[in-house]
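Coordinate analysis (summary)
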Amino acid sequence: MPAVTVDDILLLPRISEPDPAVAQDRPVLAVTTAPSGYEGEGFPVRRAFAGVDLRALDPFIHMDQMGEVNYAPGEPKGTAWHPHRGFETVTYMIDGTFRHQDSNGGGGLITNGDTQWMTAGGGILHIEEPPEDLVMTGGLFHGFQLWVNLPARLKMTGPRYQDIRAGQVALLSSPDGGALVRVIAGEVAGHRGPGVTHTPITLLHATLEPGARLRLPWRADFNALGYVLAGSGTVGPDRRPVRTGQLAVFGPGDVITVAADSRADGPSHGLDILVLGGEPIREPVAAYGPFVMNTRDELVQAFEDYQAGRLGSIPAEPHPGHDVL
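So, a few notes on the structure that sits alongside this text. (Residues numbered from 1 in each chain as written. Predicted model: local features only at pLDDT ≥ 70, side-chain atom pairs only at ≥ 80, totals over all residues. Heavy atoms only, no water.)

1. Some details on the overall build of the chain
When helices and strands are counted, the chain shows three helices and 25 strands. The C-alpha radius of gyration computed for the chain amounts to 19 Å, which stays within 12% of the reference 20 Å derived for 325 residues, consistent with globular compactness. Counting only C-alpha atoms and orienting by the principal axes, one finds that the chain spans roughly 60 × 45 × 35 Å. Put simply, the chain has 325 residues, and 54% of those count as buried. Across the chain, the fraction of contacts at a sequence separation of at least 24, relative to all contacts at a separation of at least 6, is 74%. Looking at the chain as shown, the accessible area adds up to about 14000 Å², and 51% of this sits on carbon and sulfur atoms. For the chain, the separation between the mean place of its 24 positive charges and that of its 38 negative charges on side chains is 6 Å. (Helix = DSSP H or I, 4+ residues; strand = E, 2+ residues; numbered from the N terminus. Rg over C-alpha atoms; globule rule 2.2 N^0.38 Å. Buried < 20%, exposed > 50% of the residue type's maximum accessible area, 1.4 Å probe, protein only. Contact = heavy atoms within 4.5 Å. Areas by Shrake-Rupley, 256 points an atom, 1.4 Å probe, with all protein chains shown as cover. Lys, Arg positive; Asp, Glu negative; His and termini not counted. Charge placed at Lys NZ, Arg CZ, Asp CG, Glu CD.)

Pasting the structure below:
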């Protein structure tokens, strides 16, 4: 799980240990296990938010862990062209390469540690697929895609695309150097990630060495979730056990605590965990397939607009010798 690493973690800015006299640890309200499924043309995913009340997820809607899978030649798969309206998609690659293209002119290749942040807003067509060389050779594929809701006033905002390279994420260390924190969006301990968000959120990927503990200051007005990408450990002040494919839902407070088990769990070394949270929107949600709106009538309108071609058109294939993107 390379994503983004550093040669000497002790040279990074450190997250100060929250003062136990005033800091309030967030309790763990629930731990759920993501069921496995398939997405697009058949690539394996874990449905990270399955079974969790939408009120606990707000402002997030959906998240898939893609892989981790080691494809044989000819096996890598993606999606066909499909529409989106009413939210943002965040695709973060840990291992492997994915190609993106949309009807608004955005797109490109994302690989180890890169993030593609697409605001669908009022509507866009989108495709994501492995590049041809990966299909031919096979290889490791691992990442996640997160759906971030938009408030009603921004549902029909113009589409936007952000290409966040691995070298742009903010890198931080725990006080003892036992945890590497990659801030993709939002702010942690005064350090901001590069992602520009319509809905205020914080999104980070932390890697903890075996036996390490991380205590993150967290905005009290944000919700808080932790999803284990790999390894095993504990979460919260009561040290609830968690392992690969499990989601922890945290209660109120301003500190999130996670720790890695002292012994590695199988092939994983330590604990890799996504920590995310945001300001709840607290509006009705009407979601179906690729559309996330506020009412059923708006969903019907989204389908009608898609069928009428008002969400964009699929770009023409380039002539031989021209770059697809």
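2. A look at the nonpolar core
In this structure, Phe49 and Leu146 are the most contacted members of the largest nonpolar core, which totals 30 residues. Beyond its immediate stretch of four places on either side in the chain, Leu146 contacts Phe49, Phe60, His62, Met63, Glu88, Thr89, Val90, Leu203 and Leu276. Val183, Leu208, Leu216 and Ile256 belong to the second-largest nonpolar core, a separate cluster that totals 28 residues. (Core = buried A, V, L, I, M, F, W, Y, C linked by side-chain atoms within 4.5 Å.)

3. Remarks on the environment of Ile201
Locating Ile201 in the fold gives a position in strand S17 (residues 201–208). Separated by 79 residues in the primary sequence, Ile201 and Pro280 place their C-alpha atoms 9.2 Å from one another. If we skip the residues at most four places from it in the chain, Ile201 touches Pro59, Phe60, Trp117, Val148, Ala185, Gly186, Phe222, Gly277 and Gly278.

4. Section: the packing of aromatic side chains
Within this structure, the stated rule accounts for six aromatic pairs. Where Tyr92 meets Phe144, the ring centres are 5.4 Å apart and the plane angle is 55°; that geometry is what we call tilted. Pair noted here: Tyr92 is in strand S6 (residues 87–95) and Phe144 is in strand S11 (residues 139–149), with a separation of 52 residues, a long-range link. Classification of Phe144 as buried rests on a relative accessible area of 1%. Ring centres of Phe98 and Phe141 lie 5.0 Å apart, and the angle between their planes is 55°; on these two criteria the pair is classed as tilted. Taken together, the positions of Phe98 in strand S7 (residues 98–102) and Phe141 in strand S11 put the pair 43 residues apart, joining distant regions of the chain. Both residues of the pair, Phe98 and Phe141, count as buried. Grouping aromatic residues by their ring pairs yields a cluster made of Tyr71, Phe98 and Phe141. (Phe/Tyr/Trp six-rings, centres within 6.5 Å; stacked < 30°, edge-to-face > 60°.)

5. A look at the sheet that holds S11
Reading across from one edge, S2-S3-S4-S11-S6-S9-S12 is the order of the seven strands in this open sheet, with antiparallel pairing throughout. Every interior strand has two partners, whereas the edge strands, strand S2 (36–39) and strand S12 (160–164), have only one. Neighbour-to-neighbour, the strand axes of this sheet turn through a mean angle of 25°, independent of strand direction. Of the pairings in the sheet, the one linking S2 to strand S3 (residues 43–47) comprises four bridges and is antiparallel in character. Note on S3: the bridge partner recorded for Tyr38 is Pro44. (Pairing = 2+ DSSP bridges. Axes fitted to C-alpha atoms, helices over the stretch in contact; angles between N-to-C directions.)

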